[in-house]
Amino acid sequence: MTTCKTGAEHIRSLKDGRTVYIDGQLAGDVTEHPAFRNAIKSAAMLYDFQARPENAELMTFAPPGSNRRISRAWQIPRNYAEMVQRRKALQAWAALSYGFMGRSPDHLASALVGQRIGIDVFRKHGEDRAKAFEGYFEEASRNDYFLTYVIINPQSERAKDWGDQKEELVARIVDEDSGGITIRGAKMLGTSSIMANEVFVANLQPLKPGEEALAFSCALPMNVKGLRVLSRKSYEAAAVSMFDNPISSRFDENDALIYFDDVKVPWERVFVCRDTDMCRAQFHDTAGHAYQNYQAQIRLSVKIRFLTGLAHRITEAIGTTNIPSVREQLGYLAAQSSMVNAMMAGMEAEGTMRGEWYVPNKHFMYSAQVLTQDLYPRVVNSLRELSGGALIMLPSSIHDFADPELRKIIGVTQRAANMGPEEKVKFLKAAWDAVGSEFGSRHTQYEMFYAGARFVTSGHSYRTFDWSDATGMVDALMGSYDLASELDHKKH
Ligand SMILES: Cc1cc2nc3c(=O)[nH]c(=O)nc-3n(C[C@H](O)[C@H](O)[C@H](O)COP(=O)(O)OP(=O)(O)OC[C@H]3O[C@@H](n4cnc5c(N)ncnc54)[C@H](O)[C@@H]3O)c2cc1C
């Protein structure tokens, strides 16, 4: 008998009548749709992986009082060892998509774990809201829900405050009664929403007094009445074949605008209501922001390692590996890859206790965020630099191999010292899919922005750095000499 959620169970749960639009049409059953079905299978693969008996201990745990095991992503670490144990599960999941599924289920589970650690913050906001959050955490974790979130407002007139944007742009409370609240407007950018069970809605961007209608947080099933999902272009649908697009054909987790068309939210799913400061506190005074972005760095450590491996293989494909300046570039990439790992290990080793729970080092996490949002495009650029035209001088699709004459020409022109022509084309197509395709380009945008623009992440770094320690050293130096005593000394 299965002891935890399986892929088939997840796929079944998505056949729920959700309202998803793509290319001007209603998608219908997303699990069957050519724009989404492979990414959904990849999400299902995560659950199948954790359901394998040999992976049970690595990937899952049994919460108290339950005989059904759930992902370790829901486990709240009580010490350093438990944090590392949990991280190993998250790394194993990330490795299944080579780090390309940014919003795998462990991202939101991590956000909620961090917020649950800070339940005292919700209590200050109101006992009912804290109870709602606690209840939701139990429900989502026990059922191993795949959650996504929308916590950012759509860009429109960035020079104006959120409350001054045209009505119906930013999601807001338009009604409230004994049953709950009603929300109308939009949020961006629900990555993975098409393959998630539920969406967590909140406001991370600063609000000011007077913007209380925008100041709410809640959770909704993806098929709730009035919730409309407007998908971006599907790279999966544009993928020619697995051979031509081995990554985008399977791991296009999708992004979508979420529009709330008078969606009713019952009180037991409302966690913040009309409190502008609590919207900030929900992430920053709890451990929510620290945990969700720690997960992102765990996942990134896997992806950068994969890209570093790609770089080495690119040099093998074009025969440059032994050129000293190329080796130097590879060595530099390897150092960057290990730096991401080292920062992740630092967050864990320098973590702190919060009550009975262990929390990663916040400033180390923000430092990693600032540095890696710059690092990712530079790593991608290094791969392009190492490649030259190899990523482009490729057969248009698998169909060229089906023609004997073209296959012969491919055989002559795609030679490499250590790779056969077919193997070389197969590999270079994968490399282009990862870094150069429209899918690859979206990943650069993702890594640069998923946690906020540079001015936002640097602001967090500024806020959490121990300035008194750093400036104290400068003060100690200044205090160690002065003009008067030196002049006095010279006199004698
Ligand atoms: C691929 C992708 C997936 C995403 N997935 C999700 C998701 O699942 N859920 C979710 O909630 N969000 C998601 N996001 C949204 C993401 O969190 C935001 O893009 C991010 O927070 C930056 O906000 P923004 O897009 O409004 O950019 P802005 O904040 O508008 O920044 C854009 C640029 O404008 C300039 N700028 C704007 N305002 C200022 C200012 N005040 N001071 C200085 N410069 C300024 C900066 O140059 C900045 O680089 C996703 C984004 C991407 C690209």
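Residues numbered from 1 in each chain as written. Predicted model: local features only at pLDDT ≥ 70, side-chain atom pairs only at ≥ 80, totals over all residues. Heavy atoms only, no water.

(A) Examining the pattern of salt bridges more closely. Applying the stated criterion across every chain, the model contains 38 salt bridges. Put simply, Glu348 and Arg87 hold a salt bridge, and the shortest N to O gap is 2.8 Å. Here Glu348, found in helix H12 (residues 324–349), pairs with Arg87, found in helix H4 (residues 80–96); they are 261 residues apart in sequence, far enough to count as distant. For the pair Glu348 and Arg87, a shared accessibility class is recorded, and that class is buried. As a salt-bridge pair, Arg123 and Glu127 come within 3.6 Å of each other at their nearest N and O atoms. Look at Arg123 and you get partly exposed, because its relative accessible area is 35%. With a relative accessible area of 43%, Glu127 lands in the partly exposed category. Connected through salt bridges with shared partners, the residues Arg232, Asp252, Glu253, Asp255 and Arg442 form a single ionic network. (Salt bridge = Lys/Arg side-chain N within 4 Å of Asp/Glu carboxyl O. Helix = DSSP H or I, 4+ residues; strand = E, 2+ residues; numbered from the N terminus. Buried < 20%, exposed > 50% of the residue type's maximum accessible area, 1.4 Å probe, protein only.)

(B) Local environment of the environment of Gly472. Following the sequence through the fold, Gly472 ends up in helix H19 (residues 467–479). For Gly472 and Arg158, which are 314 residues apart along the polypeptide, the C-alpha to C-alpha distance reads 38 Å.

(C) Structural context of the site of the ligand. In the vicinity of the ligand, 19 residues are found, and the nearest of them are Arg103, Ile151, Arg158, Leu189 and Thr191. Contacts to the ligand include Thr191, whose side-chain N or O atom sits 2.7 Å from a nitrogen atom. If the ligand stood free it would expose 950 Å²; the protein chains cover 73% of that surface. Most atoms of the ligand, that is more than half of them, are within 2 Å of grid points of the largest pocket. Listing elements by their share of the shell around the ligand, those giving two or more residues are strand E5 (147–150) and helix H17 (438–449). Across the shell around the ligand, the residue classes tally to eleven nonpolar, four polar and four charged. (Near = heavy atom within 4 Å. Polar contact = N/O pair within 3.5 Å; in protein donor to acceptor, adjacent residues only side chain to side chain. Areas by Shrake-Rupley, 256 points an atom, 1.4 Å probe, with all protein chains shown as cover. 1 Å grid on protein atoms, 1.4 Å probe; cavity = no way out; pocket = protein on both sides within 12 Å on 5 of 7 lines; lining within 4 Å. Sits in = over half its atoms within 2 Å of the grid points. Nonpolar A, V, L, I, M, F, W, Y, C, P; charged D, E, K, R; others polar.)

(D) Just the pairing of E5, in detail. Along E5, one buried face is formed by Leu147 and Tyr149 and the opposite face, lined by Thr148 and Val150, is buried too. Summarising the sheet, E5 and strand E8 (residues 198–201) pair through four bridges and their orientation is parallel. In the strand pairing of E8, Thr148 is matched with Val199. (Pairing = 2+ DSSP bridges.)

(E) Structural view of the packing of helix H11 (residues 288–318) against helix H13 (residues 362–387). Two numbers describe how H11 lies on H13: the axes approach to 10 Å, and their chain directions differ by 20°. What the angle tells us is that H11 and H13 run roughly parallel. Here the hand of the crossing between H11 and H13 comes out left-handed. Residue composition of the contact of H11 with H13, by class: 17 nonpolar, seven polar and two charged. (Axes fitted to C-alpha atoms, helices over the stretch in contact; angles between N-to-C directions. Parallel < 35°, antiparallel > 145°, perpendicular 65-115°, else oblique. Left-handed = near helix turned anticlockwise from the far one by under 90°.)

(F) Region of interest: the packing of helix H5 (residues 105–117) against helix H7 (residues 127–142). One can describe the packing of H5 onto H7 by two numbers: an axis separation of 11 Å at closest approach and a directional angle of 140°. Overall, the two elements H5 and H7 adopt an arrangement that is oblique. Crossing handedness for the pair H5 and H7: left-handed. Facing Leu112, Val113, Gln115 and Arg116 of H5, the residues of H7 in contact are Phe133, Glu134, Tyr136 and Phe137. The residue makeup of the contact of H5 with H7, split by class, is five nonpolar, one polar and two charged. (Contact = heavy atoms within 4.5 Å.)

(G) Layout of the side chain of Asp255. Relative to the helices and strands, Asp255 resides in the loop between helix H9 (248–251) and strand E11 (256–266). A distance of 2.6 Å separates polar atoms of two side chains, one belonging to Asp255 and the other to Arg232. Looking at Asp255, its side chain comes within polar contact range of the side chain of Arg442, at 2.7 Å.

(H) Broad picture of the sheet that holds E8. One open sheet accounts for four strands, arranged E5-E8-E9-E12; its pairing is mixed. In this open sheet, the two strands that pair with only one neighbour each are E5 and strand E12 (270–273). Each strand of the sheet is rotated relative to its neighbour by a mean of 20°, with strand direction disregarded. Of the strands in this sheet, E5, E8, strand E9 (216–221) and E12 touch H7, which is tilted by about 145° from E12.

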